[in-house]
Amino acid sequence: MGIHATCNKRIDCKQTIYSFEAFYKIYPDMDSIKVNDTIWVELVAPVQLKDFETGRIVDFSGAENFGPSIKYGELFGGDMLNPGGVAAANNFENHIIWGISVPSDKPDQVRGFRCIEENGFYKFKVGIVSKKRGLYAIGLSNAGGVYRRHNKCDKAAFSLTIKDTDQHLYLYEESRPGYVLTGSDRSHLYIFKVY
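Computed from a predicted model, the values in this text were never measured in an experiment.

Here is what the cut-offs are and how they apply
- Residues numbered from 1 in each chain as written.
- Predicted model: local features only at pLDDT ≥ 70, side-chain atom pairs only at ≥ 80, totals over all residues.
- Heavy atoms only, no water.
- Core = buried A, V, L, I, M, F, W, Y, C linked by side-chain atoms within 4.5 Å.
- Buried < 20%, exposed > 50% of the residue type's maximum accessible area, 1.4 Å probe, protein only.
- Helix = DSSP H or I, 4+ residues; strand = E, 2+ residues; numbered from the N terminus.
- Contact = heavy atoms within 4.5 Å.

Student: I'd like a rundown of the nonpolar core, residues and numbers included.
Tutor: Grouped together as the largest cluster of nonpolar side chains are 39 residues, with contacts concentrated most on Val 41, Phe 60, Phe 66, Ile 70, Phe 158 and Phe 192. Among the elements of the structure, β1 (16-27), β3 (38-46), β6 (69-75), β12 (121-130), β13 (134-140), β14 (143-148), β15 (151-162) and β16 (189-194) are those that each provide at least two residues to this core. The element best represented in this core is β1, accounting for 5 residues. Beyond its immediate stretch of four places on either side in the chain, Ile 70 contacts Gln 109, Val 110, Arg 111, Phe 113, Phe 124, Val 126, Ile 128, Ile 138, Gly 139 and Leu 140. In terms of nonpolar packing, the next biggest core, distinct from the first, is built from 9 residues, Tyr 172, Leu 181, Leu 189 and Ile 191 among them.

Student: Summarise the environment of Ala 156; cite the residues concerned and give the values.
Tutor: Among the secondary structure elements, Ala 156 is positioned in strand β15. Once the C-alpha coordinates of Ala 156 and Glu 42 are considered, the two residues, 114 residues apart in sequence, prove to be 20 Å apart. Look past the residues within four positions of Ala 156 in its chain and what remains in contact with it is Thr 16, Tyr 18, Phe 20, Phe 60, Ala 143, Gly 144, Gly 145 and Val 146.

Student: Describe unusual backbone geometry, with residues and values.
Tutor: For the bond from Tyr 27 to Pro 28, the omega torsion is -10°, close enough to zero to count as cis. With respect to the element layout, Pro 28 can be found in the loop between β1 and β2 (32-33). Although it is not a glycine, Asn 119 sits at a positive phi angle of roughly 50°. Among the secondary structure elements, Asn 119 is positioned in the loop between β11 (116-118) and β12. Of note, His 168 is a non-glycine position whose phi angle comes to about 55°, a positive value. Relative to the assigned elements, His 168 resides in the loop between β15 and α1 (169-175). Since its relative accessible area comes to 3%, His 168 is described here as buried.

Worth remembering: the numbers are spatial, not functional.
Structure representation (C-alpha cells):
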C-alpha cells in the first residue's frame, strides 16, 4: 500500500500570482480649474477579474489592502534632466466618497487610500480640491502585493491606468521643454492648471 500526496503550496508567499487590470476615470477633464474647484478621481473594478497570465476569471473578493496612492507635484518648469517640480500634497484637500485614507510615509507628496468592496465591485472615489494656484501633476499608482482576508499568501498586482480622460500631457511637456512623456507616465499622469 502506497501513500500519495501532492502539495500546491508555494514556498515563498512574496510571489505575485495574479495580474489584473482596472481603470481610473478623472472628471471634469478640463486643463484649467479655479482655486476651490474639485477634480474627481474614480476607480470601479469588479471583484471577478480576468488574470492576464492565465486568461481565467478569478474571484478576488475580500482584498484587505487594495487601493491607490496619489502623488501630487507642482511644476515650475524643468528641462531634460530635471522635472522642475516640488511636492504639493498640502496644496489640496481630499474628500473621500468611496474608500478610506491610509497613512503615507511621504505626507507632503503622497496620499494613500484603500478601496471599499460593495455589491461585487471595488470602489474608490475622491474629490481633489485645489487650495493654491499653480501648474500641477498628479500621479496615480498601480497596486501591488494585494492580498485577501482569507488568503494572505496569494497576491495580485493591479495595473491601474487612466482611461477615457484627457490628461493634458502637453502641459507637462510645455513645462519641461524637450522632454517627451513615455510608458507609465503617459498612463498614470494627469496635468492641470489652477488659477
